[in-house]
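# Topology and contacts: notes
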Amino acid sequence: MQIEQYISKYDPDNLFAVLKNSFQQIEFAWNGEFDLTALKNSRIDNIIVTGLGGSAIAGNFAQNFLKDDLKIPLSVNRNYLLPAYANENTLLIASSYSGETEETISALEDAIKRNCKVICITTGGTIGKIAAANHFPAIPLQKGFQPRFAFGVSFFTLLNILQTIGLIPDQSGIVKKIIALWKKRGEEFSTESNNAFVTAEKILGKIPVILSAADYTDSVGVRLKGEFNENSKLAAFHNSLPEQNHNEIVPWEYHNEQLFPAITIEILDEEYHPRIQKRFEIIAGLIKKSGCEIISLSSSEATFKERLCDILYYGDWISYYVAVFRKFDPKEINFIHFLKAELQK
């Protein structure tokens, strides 16, 4: 079956086109201008990005992307309340695409009680109203997307904010390269039998076990797991090295393909510490010996930031193709809607 036929049968909202044109989200986010002068001249000791799902992953990605740039701690909060250290010198970024995520609303209210410095990233909703009532900056996101399909606008809006405040060096040059990269990759991954298409075919009938490197690519691993879950309706697992080597390595000695039909996806990069690279080599040998296939995701782009964005975008396409190959609509998330309805009762 050709790609157009898969789209016609299983993707009624044409999320294929949304994915292909993701570079336009970066352009929208990076062209956004907002006045954050008051925050630029204030004391900020740490940053907390609070959100869930597709609205939180931008914070995790920033931890990897800005590992050499950001000189103060950045953490991601996925809960109703903030950690005890949050105070008046904390920059709290409330990220909710819909503006209605109940955990994020609760954390935002907690931030107000703690007198945190607050910025909201949203399309509106309750969080937009709270921001207006408290005179917080509310940075508008481009509307019309599923939150997980809005990564481009969510992350690069966050990046724009941190640059505008002066917490990181100018990123304009690298962002320009990433826009061009995603535009090129969008064309490539839209063609018949492209790399993402072929990789997705290998995953059919398997349970992905994703391995990344802590502080370098673990955000991509978290993202890919979530994309398999929501887009592909597929259970998936993720761990990062070196932690994986201290526990999850053991079951591979007793791996049984009949009981656990796994396929390992390793996320690799040339910038890993030499000992991490060695660990990946050893664990790959053990996993292959157990009879499990390994897929390697990597990029040959010139800089770490470009490679990180390249691999993440590649993973998004893989999860999309797995979805339609499995005859699922990538948009459908019925159990999430059911859970939210039950919580409102």
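### Side note on helix 6 (residues 102-113)
The end-to-end C-alpha distance of helix 6 is 17 Å, a good match for the 16 Å that twelve residues give at a rise of 1.5 Å each. Residues Thr104, Ile105, Ser106, Ala107, Leu108, Asp110 and Ala111 constitute the buried set of helix 6. Note on helix 6: the residue one or two positions beyond its end, Asn115, has a positive phi of about 65°.

### Looking at the sheet that holds strand 4 (residues 117-122)
Here five strands make up an open sheet; going across it, the order is 2-1-3-4-5 and the pairing parallel. A strand with exactly one partner marks an edge of an open sheet, and here the two such strands are strand 2 (74-77) and strand 5 (138-140). In this sheet, neighbouring strand axes are inclined to one another by 20° on average, regardless of whether the strands run parallel or antiparallel. In terms of strand pairing, strand 3 (residues 90-96) meets strand 4 through six bridges, oriented parallel. Each bridged residue has a counterpart across the sheet, and for Leu91 the counterpart in strand 4 is Lys117. The sheet strands contacting helix 8 (residues 151-165) are strand 1 (46-50), strand 2, strand 3, strand 4 and strand 5, and the helix crosses strand 4 at an angle near 150°.

### Let's talk about the pairing of strand 3
Taken across its seven residues, strand 3 has seven buried, putting it largely inside the fold. By the alternation rule, side chains of strand 3 split into Thr90, Leu92, Ala94 and Ser96 and Leu91, Ile93 and Ser95, which are all buried. Here strand 1 runs beside strand 3; their pairing, made up of five bridges, is parallel. Each residue of the ladder has a partner; that of Asn46, found in strand 3, is Thr90. Once you follow strand 3 into helix 6 and on to strand 4, the crossover reads as right-handed.

### A look at the sheet that holds strand 8 (residues 262-267)
Strand order in the open sheet formed by four strands is 7-6-8-9, with parallel pairing between adjacent strands. Strands at the two margins of the open sheet, each flanked by one partner only, are strand 7 (237-241) and strand 9 (294-297). When strand polarity is set aside, the average angle formed by the axes of neighbouring strands in this sheet is 25°. One ladder, built from five bridges, connects strand 6 (residues 207-213) with strand 8; its direction is parallel. If you follow Ile207 over to strand 8, its bridge partner there is Ala262.

Conventions we followed
- Position numbers for residues start from 1 in each chain and track the written sequence from start to end.
- Confidence filtering applies because this is a predicted model: local features only for residues at pLDDT of at least 70, side-chain atom pairs given and counted only at 80 or more, and all residues used for totals across whole chains, interfaces and linings.
- Where side-chain values are given, they derive from all heavy atoms of the structure, hydrogens and water being excluded.
- Each helix is a run of H or I in the DSSP string that is no shorter than four residues. Each strand is a run of E no shorter than two, and both are numbered from the N terminus.
- Take the number of residues in a helix, subtract one, and multiply by 1.5 Å to get its expected span.
- In this scheme, a residue with accessible area under 20% of its type's maximum is buried, one over 50% is exposed, and one in between is partly exposed, where area comes from a 1.4 Å probe on protein chains only.
- Strands are labelled as partners when DSSP assigns at least two bridges between them.
- As a rule, the C-alpha atoms of each element are fitted with a line to give its axis, helices using only the stretch in contact, and angles between N-to-C directions run from 0 to 180 degrees.
- By the convention used here, residues are in contact when the closest approach between their heavy atoms is within 4.5 Å.
- Here is how to tell: hold the view so the strands point away, follow the path from the first strand over the helix to the second, and if it runs clockwise the crossover is right-handed.

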